[in-house]
Amino acid sequence: MRRSKTVFNSISQSWILACFLFWAMDGAFAAEPQMGSTRVVFQTNYGDIEFGFYPNVAPKTVEHIFKLVRLGGYNTNHFFRVDKGFVAQVADVAGGRNAPMNEVQREEAEKTVVGEFSDVKHVRGILSMGRHSDPDSASSSFSMLLGDAPHLDGQYAVFGKVTKGDETLKKLEQLPTHREGMFVMPTERVTILSTYYYDTEGETCEHDRSELKRRLAASAIEIEKQRMKCFP
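The structure displayed is predicted, hence computed values, not measured ones.

### Here we look at the overall build of the protein chain
Right, so step 1: Along the backbone of the protein chain there are six helices and ten strands.
Right, so step 2: Residue burial in the protein chain is summarised as follows: out of 232 residues, 41% are buried.
Right, so step 3: Restricting the contact set of the protein chain to residue pairs at least 6 apart, pairs at least 24 apart contribute 68%.
Right, so step 4: Here the protein chain has roughly 13,500 Å² of accessible surface; of this, 58% comes from carbon and sulfur atoms.

### Topic: helix H5 (residues 166-173)
Right, so step 1: Of the residues making up H5, those classed as buried are Thr 168, Leu 169, Leu 172 and Glu 173. For H5, the angular spread of buried residues about the axis comes to 145°, placing them on one side.
Right, so step 2: Among the structural elements, strand E1 (38-44), strand E2 (47-53), strand E3 (78-83), strand E6 (142-145), strand E7 (158-164) and strand E10 (190-199) are those in contact with the buried residues of H5.

### Details of the side chain of Arg 81
Right, so step 1: With respect to the secondary-structure elements, Arg 81 resides in strand E3.
Right, so step 2: Once you skip the residues sitting within four places of it in the chain, Arg 81 turns out to touch Phe 86, Val 87, Ala 88, Gln 89, Met 182, Phe 183, Val 184, Met 185 and Pro 186.

### Thoughts on the nonpolar core
Right, so step 1: Counting 35 residues, the largest nonpolar core has Phe 42, Tyr 74, Phe 79, Phe 142, Met 144 and Phe 159 as its most contacted members.
Right, so step 2: Counting residues per element, this core draws most heavily on helix H2 (residues 59-70), at five residues.
Right, so step 3: Filtering out sequence-adjacent residues up to four positions away, Tyr 74 remains in contact with Phe 42, Ile 65, Leu 68, Val 69, Val 90, Val 93, Ser 140, Phe 142, Ile 192 and Thr 195.
Right, so step 4: Formed by nine residues, the second largest nonpolar core is a distinct cluster that contains Tyr 54, Val 57, Val 120 and Leu 145.

### Focus on the pattern of salt bridges
Right, so step 1: This structure, assessed with the given rule, holds six salt bridges.
Right, so step 2: Here Arg 106 and Glu 110 are joined by a salt bridge, their closest N and O atoms 3.3 Å apart.

### Points about the environment of Glu 201
Right, so step 1: Position of Glu 201 relative to the elements: it lies in the loop between E10 and helix H6 (205-230).
Right, so step 2: As a C-alpha pair, Glu 201 and Gly 36 span 165 residues in sequence and 9.8 Å in three-dimensional space.

### Some thoughts on the confidence of the model for the protein chain
Right, so step 1: The share of residues in the protein chain with pLDDT of 70 or more is 75%, and the mean pLDDT across the chain is 85.
Right, so step 2: This stretch, residues 20-30, has a pLDDT under 50; its non-local contacts, to residues over four places away or in other chains, come to zero contacts.

### Section: the sheet that holds E3
Right, so step 1: The sheet built from eight strands closes into a barrel, its strands ordered E1-E2-E7-E5-E6-E4-E3-E10 with antiparallel pairing. The mean angle between the axes of side-by-side strands here comes to 35°, regardless of whether they run parallel or antiparallel.
Right, so step 2: Judged from the two bridges that link them, E3 and E10 form a sheet pairing that is antiparallel. Opposite His 78, over in E10, you have Thr 191 as the bridge partner.

### Some words on the packing of aromatic side chains
Right, so step 1: Taken as a whole and judged by the stated rule, the model has eleven aromatic pairs.
Right, so step 2: Between the aromatic rings of Phe 42 and Phe 51, the centroid separation amounts to 5.2 Å while the plane-to-plane angle is 80°, which identifies the pairing as edge-to-face. Taken individually, Phe 42 and Phe 51 each receive the classification buried, so the pair is uniform in this respect.
Right, so step 3: Ring centres of Phe 53 and Phe 159 lie 6.4 Å apart, and the angle between their planes is 25°; this geometry places the pair in the stacked category. Taken together, the residues span a long stretch of sequence, with Phe 53 in strand E2 and Phe 159 in strand E7 at a distance of 106 residues. Phe 159 matches Phe 53 in its accessibility class, with the two residues each being buried.
Right, so step 4: An aromatic cluster is present here, built from Phe 42, Phe 51, Phe 53, Phe 66, Tyr 74, Phe 142, Phe 159 and Tyr 197 joined pairwise through their rings.
Right, so step 5: Over the aromatic face of Phe 66 sits the side chain of Arg 70, whose NZ or CZ is 5.0 Å from the ring centroid.

Rules and cut-offs
- Residues numbered from 1 in each chain as written.
- Predicted model: local features only at pLDDT ≥ 70, side-chain atom pairs only at ≥ 80, totals over all residues.
- Heavy atoms only, no water.
- Helix = DSSP H or I, 4+ residues; strand = E, 2+ residues; numbered from the N terminus.
- Buried < 20%, exposed > 50% of the residue type's maximum accessible area, 1.4 Å probe, protein only.
- Contact = heavy atoms within 4.5 Å.
- Areas by Shrake-Rupley, 256 points an atom, 1.4 Å probe, with all protein chains shown as cover.
- Arc of directions from axis to C-beta.
- Core = buried A, V, L, I, M, F, W, Y, C linked by side-chain atoms within 4.5 Å.
- Salt bridge = Lys/Arg side-chain N within 4 Å of Asp/Glu carboxyl O.
- pLDDT = per-residue confidence, 0-100.
- Pairing = 2+ DSSP bridges.
- Axes fitted to C-alpha atoms, helices over the stretch in contact; angles between N-to-C directions.
- Phe/Tyr/Trp six-rings, centres within 6.5 Å; stacked < 30°, edge-to-face > 60°.
- Lys NZ or Arg CZ within 6 Å of the ring centre and 35° of its normal.

Have a look at this one:
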């Protein structure tokens, strides 16, 4: 009788543990945010990085960043910070570009968005807005996580995730760096040569032609820079 009771208790404990694990896994899957169909590509001098947005998590942030991309705001900008295992951070558009901005670009670049903090975890590949001490001071600088950073959870607005280009991020992590205060910065400029966007739900020949035109235009700009440098 005693042995039967022990076996029953063991089975009960196993069942409770299984239920708990199922609940934990179910919660983890439920916490995965839904990604929109729009993709943005940053063409850098070290390779392309593509990312998608979480409009259900941070709608105002997504709208602001996507509008800057549509306006070409991030073209000629750069990654001012590359901290291996932590973040690769894009500079503020207003001060980080090589090319001057027009009035429309500057107006959007100088806007701030409210802090749309969520329970989405800061893990490698996540896009997280930069800000000052004011929680509503995010503007146009954002980070691509190069590792897990739980201390950022709930403190910075997550708005998307890298979907392609992890090999490019790994290249950036190998660059020589120097420290300026709290920032680890690359010793050479990591330039965002050009940007483009597309919709994954619109895979048509017209889309392919448009994407090819954008890529060729970006290549032409870079070729012209090299031509002027080598053959003045």
